[in-house]
Amino acid sequence: MFCFTANGRIGSINQYKNNTVSISLAADRLVEGRDGQFTATEWIRCVSFDADLNKRLLTDLDKGQSVTLQGRLVPRVRDKTADKKVYETTLEITGFQRGEKPKAQSARAPAEA
């Protein structure tokens, strides 16, 4: 089996029925455009079906936190009712490592210079 890792920050983490946890993972990259460089954000959907792993994911991870997810890539049909099958690649999570939690936002506005 091929093993993949995805590094990024958590955009959302949701629990569903049947021992399913879904995580949207974001990563930024620099892109050269006509007007110079800009930052583009790439997203990947990650999912876990392991009940024990799901408990740890929900307990240890928060939205905005950096994380490294390990797993395997699985093609899934996006809309099973559509006439034409459209596949999306999902990372099926088998393990993870926490990164730093996001810093709290200050309620005060920054002082003007």
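Here we summarise the structure given alongside this text. Bear in mind the structure is a predicted one, so any value in this text is a computation, not a measurement.

**Section: the overall build of the protein chain**
Secondary structure summary: the protein chain contains one helix and five strands in total. Listed by position from the N terminus, the elements making up the protein chain come as β-β-β-α-β-β. Residues counted as buried form 27% of the 113 residues belonging to the protein chain. A separation threshold of at least 6 residues defines the contact pool for the protein chain, and within that pool the share at least 24 residues apart is 55%. Split by element, the accessible area of the protein chain, about 8,700 Å² in all, is 48% carbon and sulfur.

**Thoughts on the pattern of salt bridges**
Scanning all chains against the criterion turns up four salt bridges. Here aspartate 28 and arginine 9 are joined by a salt bridge, their closest N and O atoms 3.4 Å apart. With a gap of 19 residues between them, aspartate 28 in strand β2 (residues 20-33) and arginine 9 in strand β1 (residues 4-16) connect regions that are remote in the sequence. Note that glutamate 92 is salt-bridged to arginine 76, the shortest N-O span being 2.8 Å. Pair noted here: glutamate 92 is in strand β5 (residues 87-98) and arginine 76 is in strand β4 (residues 66-77), with a separation of 16 residues, a long-range link.

**Description of the nonpolar core**
With 14 residues, the main nonpolar core has Ile23, Leu57 and Leu69 as its most contacted residues. Elements represented by at least two residues in this core include exactly β1, β2, α1 (51-60), β4 and β5. For leucine 69, the residues in contact, after removing those within four places along its chain, are Phe4, Thr5, Ala6, Leu25, Cys46, Leu91, Ile93, Gly95 and Phe96.

**So, the pairing of β5**
Sheet faces and side chains relate simply in a regular strand, where the side chains alternate between the two faces. Pairing of strand β3 (residues 36-48) with β5, which is carried by three bridges, proceeds in the parallel orientation. Within the sheet, the bridge partner assigned to arginine 45 lies in β5 and is threonine 90. Looking at chain direction, β4 and β5 are connected through eleven bridges and run antiparallel. Across the sheet, the residue bridging to arginine 72 is glutamate 92, located in β5.

**Topic: the environment of aspartate 62**
With respect to the element layout, aspartate 62 can be found in the loop between α1 and β4. On the accessibility criterion, aspartate 62 (35% relative accessible area) is partly exposed. For the pair aspartate 62 and arginine 98, spaced 36 residues apart in sequence, the C-alpha separation works out to 9.7 Å. If near-sequence neighbours (up to four positions away) are discounted, aspartate 62 is found in contact with Ile10 and Lys101.

**Focus: the sheet that holds β1**
Read around the barrel, five strands follow the order β1-β2-β3-β5-β4 and close on themselves; strand pairing throughout is mixed. Within this sheet the neighbouring strands show an average axis-to-axis angle of 50°, counted without direction. Where α1 meets the sheet, its contacts fall on β1, β2, β3 and β5, and the angle it forms with β5 comes to roughly 75°.

Reading the values: rules and limits
Per chain, the residues get numbers from 1 upward, laid out in the order the sequence is written. Predicted model: local features are reported for residues with pLDDT of at least 70 only, side-chain atom pairs are reported and counted for 80 or more only, and whole-chain, interface and lining totals are derived from all residues. To obtain the side-chain values, all non-hydrogen atoms of the structure were included, while hydrogens and water were left out. Helix and strand labels come from DSSP, where a helix needs a run of H or I of at least four residues and a strand needs a run of E of at least two; each type is numbered from the N terminus. A 1.4 Å probe rolled over the protein chains alone gives each residue an accessible area, and that area as a share of the maximum for its type sets the label: buried under 20%, exposed over 50%, partly exposed in between. A contact between two residues is defined here by any heavy atoms of the two lying within 4.5 Å. Areas reported as accessible are Shrake-Rupley estimates using a 1.4 Å probe. Residue values count occlusion only from the protein chains shown. Take a side-chain nitrogen of Lys or Arg and a carboxyl oxygen of Asp or Glu: if they are within 4 Å of each other, that pair is a salt bridge. Buried residues of nine kinds, namely Ala, Val, Leu, Ile, Met, Phe, Trp, Tyr and Cys, make up a nonpolar core once their side-chain atoms join them within 4.5 Å. Being paired, for any two strands, means DSSP has found at least two bridges between them. Geometry is summarised by axes, namely lines fitted to C-alpha atoms with helices restricted to the contacting stretch, and by angles between N-to-C directions that run from 0 to 180 degrees.

These figures come from the coordinates and say nothing about function on their own.
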